[in-house]
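So the chains spell out like this:
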Amino acid sequence: MAAAPEMRASDGDRDRVAAALREHVAEGRLTIDEFNERLEQVYQSRTYGELARLTYDLPEIDLHRLPAATESVQRPHPARPDDKARSLKGAWSAWAAASGVSWMIWLITTVASGHFIPPWPMWVMGPWGVILLINTIASAGGRSRGGA
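Just so it is clear, the structure is predicted and the values come from calculations on it, not from any experiment. (Residues numbered from 1 in each chain as written. Predicted model: local features only at pLDDT ≥ 70, side-chain atom pairs only at ≥ 80, totals over all residues. Heavy atoms only, no water.)

S.K.: How should the overall build of the chain be read in this particular structure?
M.R.: For the chain, the helix and strand inventory stands at six helices and zero strands. Tracing the chain from N to C terminus, the helices and strands come up as α-α-α-α-α-α. When burial is assessed residue by residue, the chain has 20% of its 148 residues classed as buried. Looking at the chain alone, contacts between residues at least 24 apart form 59% of all its contacts between residues at least 6 apart. Just so you have it, the chain exposes about 10800 Å², and 62% of that area is on carbon and sulfur atoms. (Helix = DSSP H or I, 4+ residues; strand = E, 2+ residues; numbered from the N terminus. Buried < 20%, exposed > 50% of the residue type's maximum accessible area, 1.4 Å probe, protein only. Contact = heavy atoms within 4.5 Å. Areas by Shrake-Rupley, 256 points an atom, 1.4 Å probe, with all protein chains shown as cover.)

Shown next as structure tokens:
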């Protein structure tokens, strides 16, 4: 049963239209500028009629096929334990790099200003580091219980 144009659209409806627009860009039917304009309007749309106006000049796309195709690209194989360790190592490396850059910026600005500036890099390092630590501990706990 087709929805009446004046019926309110859900977030899922808007997401499906956005996915269709992305597919049309990938196939060359829309330019990036057209896509950006329409995408902005998608998330401002309230009704099915407003959503339909954004795709009236485009052919129908079977969106039921899209998730299967993207799913195989996103997860070609089950996650292996060494993938998780590599992922954690990468996350800690990113944390260390961002922390180092933050501390260098703080040091340069403190020296250049001639007075002490409170160490704001702690606000970058702290929450991010706590979350990483929790993930690392949780990951290690999963391995020791036979998760890998």
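Further notes follow.
S.K.: What exactly am I supposed to notice about the nonpolar core here?
M.R.: Note that soluble globular proteins tend to have their nonpolar side chains buried in a common cluster. Counting 11 residues, the largest nonpolar core consists of Ala 9, Val 17, Ala 18, Leu 21, Leu 30, Phe 35, Leu 39, Val 42, Leu 51, Leu 54 and Leu 58. Counting residues per element, the ones that place at least two in this core are helix H1 (11-26), helix H2 (32-42) and helix H3 (48-54). Setting aside anything within four residues of it in sequence, one finds Leu 54 in contact with Leu 21, Arg 38, Gln 41, Val 42 and Ser 45. (Core = buried A, V, L, I, M, F, W, Y, C linked by side-chain atoms within 4.5 Å.)

S.K.: Explain the packing of aromatic side chains here, please?
M.R.: Aromatic ring pairs: the centre-centre distance and the angle between the two ring planes describe each pair. Inspection of the entire model under this criterion finds three aromatic pairs. Ring centres 6.1 Å apart and planes at 85° place the aromatic pair Trp 106 and Phe 116 in the edge-to-face group. Taken as a pair, Trp 106 in helix H5 (residues 81-113) and Phe 116 in the loop between H5 and helix H6 (121-147) lie far apart in primary sequence, 10 residues in all. Trp 106 gets classed as buried once you look at its relative accessible area, which sits at 13%. The class for Phe 116 is exposed, based on a relative accessible area of 58%. (Phe/Tyr/Trp six-rings, centres within 6.5 Å; stacked < 30°, edge-to-face > 60°.)

S.K.: What should I look at first to understand the packing of H1 against H2 in this one?
M.R.: The relative placement of two packed helices comes down to the angle between their axes together with the axis-to-axis distance. In the contact formed by H1 and H2, the axes pass within 10 Å of each other and the chain directions differ by 175°. If you check the angle between H1 and H2, you find them roughly antiparallel. Counted together, Arg 14, Val 17, Ala 18, Leu 21, Arg 22 and Val 25 of H1 and Ile 32, Phe 35, Arg 38, Leu 39 and Val 42 of H2 form the full contact between these two elements. (Axes fitted to C-alpha atoms, helices over the stretch in contact; angles between N-to-C directions. Parallel < 35°, antiparallel > 145°, perpendicular 65-115°, else oblique.)

S.K.: What should I look at first to understand a negative patch on the surface in this one?
M.R.: Among the surface-exposed residues, Asp 33, Glu 34, Glu 37 and Glu 40 lie close enough to one another that they form a single negatively charged patch. Relative to the helices and strands, Glu 37 is located in helix H2. The class for Glu 37 is exposed, based on a relative accessible area of 52%. (Patch = residues over 30% accessible without salt bridge, like charges linked within 9 Å, V, L, I, M, F, W, Y side chains within 5 Å. Salt bridge = Lys/Arg side-chain N within 4 Å of Asp/Glu carboxyl O. Lys, Arg positive; Asp, Glu negative; His and termini not counted. Charge placed at Lys NZ, Arg CZ, Asp CG, Glu CD.)

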